[in-house]
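# Survey of secondary and tertiary structure
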Amino acid sequence: MENNAAIERFFRATEELAAGKFILADSKIGEMLRSIAASAQLTRFFAAATEGYDYAAAKRECLRIVGSERGRTRGELCLPKDRGELIAFVFCLLAEIDAGEVKFGDFILQYFYEDGSYTASYEKFINRVIRPFRDILRGCFPPEAPASPVRQVRGNGSLLNELIGRERTRIAAMGLPQEDSLAAECILGEMQAALVGGRTSIFKALLCGYVYFLQVTHAGDENSDALFSAAEEADR
């Protein structure tokens, strides 16, 4: 397996894109895509994610025109609910922007319009596209953990990890509203990373947040009950 540094370079590039300014977006998107090309694992991952993917059809479904204002059409981007399709769509979109096939400034003003401002529209793009994309990928590639910290969750570490993985699959298949599905994926992905990294206090805090999420969405079932029971047992 390749050194985790190559994957962490991708996440650093993604954070720089998210934290940067609109004027630097084109170069930051290019850096992020180059970091994927520099990682054998990420290259294989995105090749598998986009194999057979009909991006043209996805664009017709996801990029919707909703009206016009001052002679300019206004649209909205509706990301796929399926995590795999979301990853494929955003990757293809970023590649299209990097290749110059999509003019980024025009694109964000059309689909992420906010007060006619590039800065505000760019921030909306980051929040609605880049951060969900990053959060799903972080769940797939958690930070490399030291050899011993998982023992801090006592003997139930592997069981908890398995139950969280099942929970992620279950929630993704439930057809919840997109914002709820992405929120759950974010919580569970970070929970899994905290577990593997031995960050017990963070794991417990995320677990409490997930209890609240399930109460609000009424999405609990036997697996989530098993997850909470295993966490309680590990804390004794």
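To keep things clear, this report deals only with the structure shown in the data block. The shown structure was predicted, so the numbers you read here are calculated from the model rather than taken from an experiment. (Residues numbered from 1 in each chain as written. Predicted model: local features only at pLDDT ≥ 70, side-chain atom pairs only at ≥ 80, totals over all residues. Heavy atoms only, no water.)

So, on to helix H9 (residues 178-196). For H9, with 19 residues, the first-to-last C-alpha span of 27 Å sits near the 27 Å given by 1.5 Å per residue. Listed in full, the buried residues belonging to H9 are Ser-181, Leu-182, Ala-184, Glu-185, Ile-187, Leu-188, Gly-189, Met-191, Gln-192, Ala-193, Ala-194 and Leu-195. (Helix = DSSP H or I, 4+ residues; strand = E, 2+ residues; numbered from the N terminus. Expected span 1.5 Å × (residues − 1). Buried < 20%, exposed > 50% of the residue type's maximum accessible area, 1.4 Å probe, protein only.)

In this section: the nonpolar core. Residues Leu-77, Phe-89, Leu-94, Phe-107, Phe-125 and Phe-133 are the most contacted members of the largest nonpolar core, which totals 44 residues. Listing elements by their share of this core, those giving two or more residues are helix H1 (4-19), helix H2 (25-37), helix H3 (40-50), helix H4 (55-62), helix H5 (83-98), helix H6 (104-111) and helix H7 (118-140). Sort the elements by how many residues they give to this core and H5 lands first, with nine residues. If sequence neighbours within four positions are ignored, Leu-94 has contacts with Ile-29, Met-32, Leu-33, Phe-125, Ile-130 and Phe-133. Membership of the second largest hydrophobic core comes to 22 residues, among which are Ile-164, Ile-171, Leu-207 and Leu-227. (Core = buried A, V, L, I, M, F, W, Y, C linked by side-chain atoms within 4.5 Å. Contact = heavy atoms within 4.5 Å.)

Moving on: the packing of H9 against helix H10 (residues 200-217). Their axes nearest at 9 Å, the elements H9 and H10 cross at an angle of 155 degrees. On the basis of their axis angle, the class for H9 and H10 is roughly antiparallel. Here H9 and H10 pass one another in a crossing that is left-handed. Two secondary-structure elements touch here, H9 through Asp-180, Ala-183, Ala-184, Ile-187, Leu-188, Glu-190, Met-191, Ala-194 and Leu-195 and H10 through Ile-202, Phe-203, Leu-206, Leu-207, Gly-209, Tyr-210, Phe-213 and Thr-217. (Axes fitted to C-alpha atoms, helices over the stretch in contact; angles between N-to-C directions. Parallel < 35°, antiparallel > 145°, perpendicular 65-115°, else oblique. Left-handed = near helix turned anticlockwise from the far one by under 90°.)

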